[in-house]
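These are the residues of each chain, in order.
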Amino acid sequence: MNEKPIDEFQLDSFTKNLFEDLLSGTGNESGESAAQLKDQYQQAVETELTGPIVRFFKQLLELTRETKASAASLGYSREQLLDLAKKHVDIDEHGVTIGGRVGRALGIARDAVGRVENYLEKRLEEAPSGIDLWEQIQENKDRISKVMGISEDDWNRFPKQLHYAINDTSTLSRCINLPEETIKDVLRVTQKYRMRLTPYYASLIMPGKTNDPILLQSVPTGEMVDNVGIEIPPVASDHSPARLIDQFYSRVVTIKVTNMCAMYCTHCLRLAHIGKSDQVFSKAALSEAVEYIRNNKNIRDVLITGGDAFILPNPTLRWLLKELDSIDHLEVKRLGTRIPVTSPQRIDNELLDILAESNEKGPVRVVTQINTAQEITPVSRDAFKKISRNVAAVLNQAVLLRGINDSIIKMWHLCETIQSSYVRPYYLFNCSFRNPEFAHMRVPVQKGQDIVESMYGNISGDAIPRYIATAGGKVPLHRSNIVEFKDGKVVLKKPWSGEIAEYPDADPAVYADDNSFAFKKYE
Ligand SMILES: *Cc1c(COP(=O)(O)O)cnc(C)c1O
Ligand code: SF4
């Protein structure tokens, strides 16, 4: 240290390192870039902002690294650099030093961008959203409307979407160009299992694309009948304490109000329930379910599901929610529906009023199922936006499915797209072992762990779903990021970089000592 006042300014370790880098060179340089640097230096001296100072140091660092020249040999003395460093830290509201910013933070930000570069480059090609594909989807809509004779008016009405739902192979082959062999195979499957796609959902299928993710979810292939194995019914009678009710947990129950859906998914866990004729269950049945909840004071959360809860006509839904809202101990309600994705035309003002009215009494959450970004179009996004204005939360339960969303790019883009469409990723289910019919759609648990782990630090935390196995209740499948517990420290591995971080744990002795805790010690 010398006596100049400038050295009273203490350098932090990052700036010390930066200065060492800048001043330790032995080479010589007097080229064009050195002349450019003079300009930047002048701007840094004159500025009242941080930007020009950062730019000067950045370029100086690059030049000294490139040429092995020292900053001094380029004409910048230690004192001049100190002046600028002090100026920078004085301007910055958070006291960020030039060494912290140029020596560390910019590099960290650059590395972070590096981890998402591949995603940003490929997401449009590998996992386009229905918003990205909107022009083609509208062309598909025109083609399907023409083939089936659906007017624009009818297209926009939910009952007509159901009425015109594609449920046989001859209509399918007129709407979507599939090879004859494929159609024959689908015909074989549909003799045993039902197929149903709303014309709207069918319009999301990209023509000429083998294994289009929408096609895979809606049109069954031969495996469905050829796979061997024994089906394990999803919910047996030992889980249903009352009519329409399933109960696994003490405080949450489901009411299955219908076996109907606007479409039948090829990976449906409730295959056994939806397989037969469509039914919305009677008021008598619904009342018995409501009475079970009324008589069990421990139940605080009810999930209305099916089939699809939004299949219920508005008056029935209004009545059911009113009944449930009249139960004091029932605090929150959920509605399970894929209809905003398969037929967003259902979301009318009356439905929104019903949701708002019940949400006023206690939180309503709408739980949906979106498996690909391709299922989010301007129309479904608008439906979710309207729903989200009237309920406490809109949550997504995706299923991890082979060829549909089993890559980092597809899953990131799904989660980011739904988040910007007012929907929060909630669960990601590993596709169930229970049905041999869709065993070919399953993805190994570890592959799912890789995909989910890859999201940490790279996309928003509240866009990351919980990875779940359904195994008699929902069991988390996340990989542990704790390497070990050592000497009062937890050794953690950062999922995004693999970097190890030591995290000091709370002292167990301090934690155990209640007698000296906070206000207790004054007693
Ligand atoms: C999924 C499910 C629930 C709800 O579980 P959460 O973890 O609260 O979302 C409740 N009951 C049954 C039978 C279920 O399948
Ligand atoms: S919407 Fe849900 S319940 Fe209906 S077929 Fe699809 S996965 Fe099954």
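Everything quoted here is computed from the prediction, not taken from an experiment. (Residues numbered from 1 in each chain as written. Chains lettered and ligands numbered in written order. Predicted model: local features only at pLDDT ≥ 70, side-chain atom pairs only at ≥ 80, totals over all residues. Heavy atoms only, no water.)

## Overview of the overall build of the protein
A tally of helices and strands in the protein yields 22 helices and 12 strands. A principal-axis box enclosing the C-alpha atoms of the protein has dimensions of 90 × 75 × 45 Å. Scored against the burial criterion, the 523 residues of the protein give a buried share of 48%. Sequence separation of 24 or more characterises 76% of the internal contacts of the protein that already satisfy a separation of 6 or more. Entry remark: accessible area of the protein is about 26,300 Å², with carbon and sulfur atoms responsible for 51%. Separation between the mean location of the 64 positive side-chain charges and that of the 71 negative ones in the protein comes to 6 Å. (Helix = DSSP H or I, 4+ residues; strand = E, 2+ residues; numbered from the N terminus. Buried < 20%, exposed > 50% of the residue type's maximum accessible area, 1.4 Å probe, protein only. Contact = heavy atoms within 4.5 Å. Areas by Shrake-Rupley, 256 points an atom, 1.4 Å probe, with all protein chains shown as cover. Lys, Arg positive; Asp, Glu negative; His and termini not counted. Charge placed at Lys NZ, Arg CZ, Asp CG, Glu CD.)

## Overview of the sheet that holds strand β5 (residues 364-368)
Here nine strands make up an open sheet; going across it, the order is β1-β2-β3-β4-β5-β6-β7-β8-β9 and the pairing mixed. Either end of the sheet is taken by a strand with one partner, and the two such strands are β1 (245-247) and β9 (474-476). Sheet twist, expressed as the mean angle between neighbouring strand axes with direction ignored, is 30 degrees. Bridge count between strand β7 (residues 424-430) and strand β8 (residues 466-470): three bridges; the pairing is parallel. By the bridge assignment for β8, L428 is matched with Y467. (Pairing = 2+ DSSP bridges. Axes fitted to C-alpha atoms, helices over the stretch in contact; angles between N-to-C directions.)

## Quick word on the site of ligand 2
In the neighbourhood of ligand 2, nine residues make up the surrounding shell, with C261, C265, C268, R338 and Q369 lying closest. Of the residues in the shell around ligand 2, the class split is six nonpolar, two polar and one charged. (Near = heavy atom within 4 Å. Nonpolar A, V, L, I, M, F, W, Y, C, P; charged D, E, K, R; others polar.)

## Focus on the site of ligand 1
Taken together, F248, Y249, V252, T254, R334, Y426, Y427 and K474 form the complete shell of residues around ligand 1. Between ligand 1 and the protein, one listed contact pairs an oxygen atom with a side-chain N or O atom of Y427 at 2.5 Å. One of the side-chain N or O atoms of K474 is found 3.1 Å from an oxygen atom in ligand 1. For the shell around ligand 1, the elements supplying multiple residues, two or more each, are β2 (252-256) and β7. Here the shell around ligand 1 is built from residues that sort into five nonpolar, one polar and two charged. (Polar contact = N/O pair within 3.5 Å; in protein donor to acceptor, adjacent residues only side chain to side chain.)

## Things to note about the environment of I327
Assignment of secondary structure puts I327 in the loop between α16 (314-325) and β4 (332-336). If sequence neighbours within four positions are ignored, I327 has contacts with V290, I293 and R294.

## Remarks on the environment of D21
Its place among the elements puts D21 in helix α1 (residues 13-23). Considering only alpha carbons, one finds D21 and R65, 44 residues apart in sequence, at a separation of 8.1 Å. For D21, the contacting residues outside a window of four places in its chain are L61 and R65. At 3.2 Å, the side chain of D21 forms a polar contact with the side chain of R65.

## Details of the domain arrangement of the protein
Interface extent is often summarised as the accessible area lost during association of the parts. As far as domains go, the protein holds domain 1 (6-117), domain 2 (134-225) and domain 3 (245-522). Between the C-alpha centres of domain 2 and domain 3 there is a distance of 27 Å. Each partner contributes residues to the interface: domain 2 has 28 residues there, and domain 3 has 37 residues. Around 2,600 Å² of area is buried between domain 2 and domain 3 when both sides are counted, 60% of it from carbon and sulfur atoms. One can count two salt bridges joining domain 2 with domain 3. R194 is the partner of D278 in a salt bridge, and the nearest nitrogen-oxygen pair spans 2.8 Å. The set of elements that each furnish at least two residues to the side of domain 2 that touches domain 3 consists of α6 (134-148), α8 (158-163), α11 (199-202), α12 (213-218) and α13 (223-226). Ranked by residue count, the leading element in the side of domain 2 that touches domain 3 is α12, at five residues. Across the side of domain 2 that touches domain 3, the residue classes tally to 17 nonpolar, six polar and five charged. (Domains from an automatic or database assignment. Buried area = accessible area lost by both parts, 1.4 Å probe. Salt bridge = Lys/Arg side-chain N within 4 Å of Asp/Glu carboxyl O.)

## Side note on the state of the cysteines
Inspection of the entire model under this criterion finds zero disulfides. Free cysteine: C175, not disulfide-bonded; nearest cysteine sulfur from C265 at 19 Å. (Disulfide = S-S within 2.5 Å.)

## Looking at the sheet that holds strand β10 (residues 482-486)
Taken in spatial order, the three strands make up an open sheet running β10-β11-β12, and their pairing is antiparallel. The open sheet terminates on both sides in strands that have one partner only, identified here as β10 and β12 (500-504). With strand direction ignored, the average angle separating the axes of adjacent strands in the sheet is 20 degrees. Of the strand pairs in this sheet, β10 and strand β11 (residues 489-493) are connected by four bridges, and their pairing is antiparallel. When the bridges of β11 are listed, I482 appears paired with L492.

## A look at α16
Under the 1.5 Å per step criterion, the end-to-end length of α16 is 16 Å for 12 residues, consistent within 8% with the ideal 16 Å. Elements in contact with the buried residues of α16: β2, α15 (283-294), β3 (301-305), β4 and α18 (349-361). (Expected span 1.5 Å × (residues − 1).)

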